[in-house]
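For reference, the chains in residue letters:
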Amino acid sequence: MLHEMLWNSNLDLVQSCLAHPFVQALGDGSLSANLFRGFVAQDTFFLRAFQKAYALALARSEDPEMSAVFCDLIAGVTQELKVHHAYATELGINLQNVVPNSACGAYTDFLLRTAWHTSLAEIVAAMTPCMRLYAYLGGELVRTCGLQHPYRRWIETYSGEEFQGLADRLEALLDQVGADRRAVRDGYRYALECELEFFTAALML
Amino acid sequence: MAPRDCHKALVGGLGALDKELEWFEFHARSLQVDLDIPPHPTCRRYTDFLLRCAHTEVYPILIAMLFGVEASYLAAWSAFTPAGPYEEFIARWSSRDFAAYVQALGGLADRHPHEAAQQHFNQVLVDEREFWKMFWQA
């Protein structure tokens with residue numbers, strides 16, 4: 001399966017993300033509220049672009065079943081944004097007019113350039129890493145997540161069955177529309193590099 | 001869509017760009033440079049920004065960005081006298097014709113202002129600087 005080959009051939013970046021100090025601090029709960037606030041703001045900016053990219057992928061799909069999957073994926077982002085907005089209200093995060101940091105800007109430019117400018121296969125290849133990575137990180141972090149964990153809701157969102165199911169469905173789409181060609185491999189890996197940079201930038205807020 | 005008063009400069013610019021690409025392709029062949037490779041992250045980042053904006057930003061912002069791309073190139077190459085092993089390159093981008101094109105783009109940017117134009121122009125200059133650093137530090 002294409003999605004397994006792509007995931008397995010990029011495990012170096014996946015493991016770097018899991019071992020990243022930001023992710024580790026989020027996982028053990030030691031992440032400062034200030035850094036978490038900044039991360040939520042940047043991630044909200046990112047998710048708005050991610051949702052548009054899904055919409056552009058939807059506009060390119062001719063198959064009604066595939067369109068239905070994109071609708072569900074778009075709804076999934078709406079759900080994620082609700083979690084972010086809830087955190088924003090609780091923690092006093094201003095989500096109006098978020099200015100993207102350098103890593104966030106590069107990632108969203110990449111996604112939107114891909115979504116506007118390339119094939120459905122390349123779009124799905126660029127979007128799958130984010131979904132599978134967060135599902136993976138959620139699954140890893142939830143193992144040691146106690147009831148009093150300050151970021152429990154965040155971890156449960158990504159380790160939950162609903163999110164895992166959405167990642168599975170996007171991977172199934174990748175297998176359906178993708179092919180083992182350079183643009184697909186290249187876009188998938190670059191998206192993971194962007195994920196790693198995103199965590200690094202989140203530590204520097 | 002670009003306003004009518006911008007068409008002549010842009011169409012002329014596209015024609016010149018096509019010749020420029022042929023020229024680069026010629027040099028790539030003679031230097032045996034493989035053009036079918038993934039872009040360097042710095043190059044990708046810049047082109048992602050340009051192409052994303054081409055799809056999502058309004059025309060006055062785009063003309064300011066194009067002015068930034070070309071003006072920074074003119075400024076860089078005009079710092080040198082056309083001589084030595086890179087004479088052909090220096091002459092190409094410090095020529096009177098290229099300077100006139102850049103001036104025309106600047107005039108169009110002035111005629112079609114936008115509050116976000118400066119911010120996008122500035123980002124182009126940052127990306128141009130990074131582009132040069134990419135070669136120098138490679």
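This one's a predicted model, so the numbers in the text were calculated from it and none came from an experiment.

### Here we look at the overall build of chain A
Right, on to step 1. Scanning chain A for helices and strands turns up 10 helices and zero strands.
Right, on to step 2. Each helix (α) and strand (β) of chain A, taken in turn from the N terminus, gives the series α-α-α-α-α-α-α-α-α-α.
Right, on to step 3. Taking 17 Å as the expected radius of gyration for a compact globule of 205 residues, we find that chain A reaches 16 Å, a close match to that expectation.
Right, on to step 4. Projected onto its principal axes, the C-alpha positions of chain A cover 45 × 35 × 30 Å.
Right, on to step 5. Looking at chain A as a whole, 56% of its 205 residues qualify as buried.

### Things to note about a nonpolar patch on the surface
Right, on to step 1. Nonpolar side chains collect at one region of the surface, where Leu31(B), Val33(B) and Leu35(B) lie side by side and expose about 320 Å² of accessible area between them.
Right, on to step 2. Looking at the secondary structure, you find Leu35(B) in the loop between helix H1 (7-30) and helix H2 (41-56).

### Re helix H8 (residues 152-159) of chain A
All names here are of chain A.
Right, on to step 1. Along H8, the residues that are buried comprise Trp154, Ile155 and Tyr158. For H8, the angular spread of the buried residues around the axis is 95°, confining them to a single face.
Right, on to step 2. Considering only its buried residues, H8 is in contact with helix H3 (21-28), helix H4 (33-60), helix H5 (64-91), helix H7 (120-141) and helix H9 (161-177).

### A word on the packing of aromatic side chains
Working definition: an aromatic ring pair is given by the centre-to-centre distance plus the angle between the planes.
Right, on to step 1. If you walk through the whole model with that rule in mind, you get 37 aromatic pairs over all chains.
Right, on to step 2. Plain terms: the ring middles of Phe36(A) and Phe39(A) are 6.5 Å apart, the flat faces sit at 35° to each other, and that makes the pair tilted. Taken together, the residues span about one helical turn, with Phe36(A) and Phe39(A) both in helix H4 at a distance of three residues.
Right, on to step 3. Seen in terms of ring centroids, Phe89(B) and Trp93(B) are 6.4 Å apart; in terms of plane orientation they differ by 45°. Their pairing is tilted. Taken together, the residues span about one helical turn, with Phe89(B) and Trp93(B) both in helix H4 (residues 87-93) at a distance of four residues.
Right, on to step 4. The side chain of Arg153(A) reaches across the aromatic face of Tyr87(A), ending 4.5 Å from its centre.
Right, on to step 5. Arg92(B) extends its terminal NZ or CZ atom over the ring of Trp23(B), reaching a point 4.4 Å from the ring centre.

### Concerning the nonpolar core
Right, on to step 1. Counting residues in hydrophobic clusters, the biggest one holds 77 residues, and the most contacted among them are Tyr54(A) and Trp154(A).
Right, on to step 2. For this core, the element with the highest residue contribution is H7(A), accounting for 14 residues.
Right, on to step 3. In this structure, Ala2(B), Tyr73(B), Phe98(B) and Val102(B) belong to the second largest nonpolar core, which totals 18 residues.

### Some points on the pattern of salt bridges
Should their charged atoms come close, side chains of opposite charge can pair.
Right, on to step 1. Here the structure, examined in full by the defined rule, presents 18 salt bridges over all chains.
Right, on to step 2. Between Arg52(B) and Asp109(A) there is a salt bridge whose closest N-O contact spans 2.7 Å. One end of the pair, Arg52(B), is in helix H2; the other, Asp109(A), is in helix H6 (residues 102-117), on a second chain. Per residue, the accessibility class of Arg52(B) equals that of Asp109(A), and both read buried.
Right, on to step 3. The residue Arg113(A) makes a salt bridge to Asp48(B) at a minimum N-O spacing of 2.7 Å. Placement of the pair is Arg113(A) in helix H6 and Asp48(B) in helix H2, with the two residues belonging to separate chains. Asp48(B) shares its class with Arg113(A); the two are buried.
Right, on to step 4. Three or more residues are tied together by salt bridges with common partners; here these are Asp12(A), Arg189(A) and Glu193(A).

Scoring rules and cut-offs
- Residues numbered from 1 in each chain as written.
- Chains lettered and ligands numbered in written order.
- Predicted model: local features only at pLDDT ≥ 70, side-chain atom pairs only at ≥ 80, totals over all residues.
- Heavy atoms only, no water.
- Helix = DSSP H or I, 4+ residues; strand = E, 2+ residues; numbered from the N terminus.
- Rg over C-alpha atoms; globule rule 2.2 N^0.38 Å.
- Buried < 20%, exposed > 50% of the residue type's maximum accessible area, 1.4 Å probe, protein only.
- Patch = residues over 30% accessible without salt bridge, like charges linked within 9 Å, V, L, I, M, F, W, Y side chains within 5 Å.
- Areas by Shrake-Rupley, 256 points an atom, 1.4 Å probe, with all protein chains shown as cover.
- Salt bridge = Lys/Arg side-chain N within 4 Å of Asp/Glu carboxyl O.
- Arc of directions from axis to C-beta.
- Contact = heavy atoms within 4.5 Å.
- Phe/Tyr/Trp six-rings, centres within 6.5 Å; stacked < 30°, edge-to-face > 60°.
- Lys NZ or Arg CZ within 6 Å of the ring centre and 35° of its normal.
- Core = buried A, V, L, I, M, F, W, Y, C linked by side-chain atoms within 4.5 Å.

The values are spatial; any link to function lies outside them.
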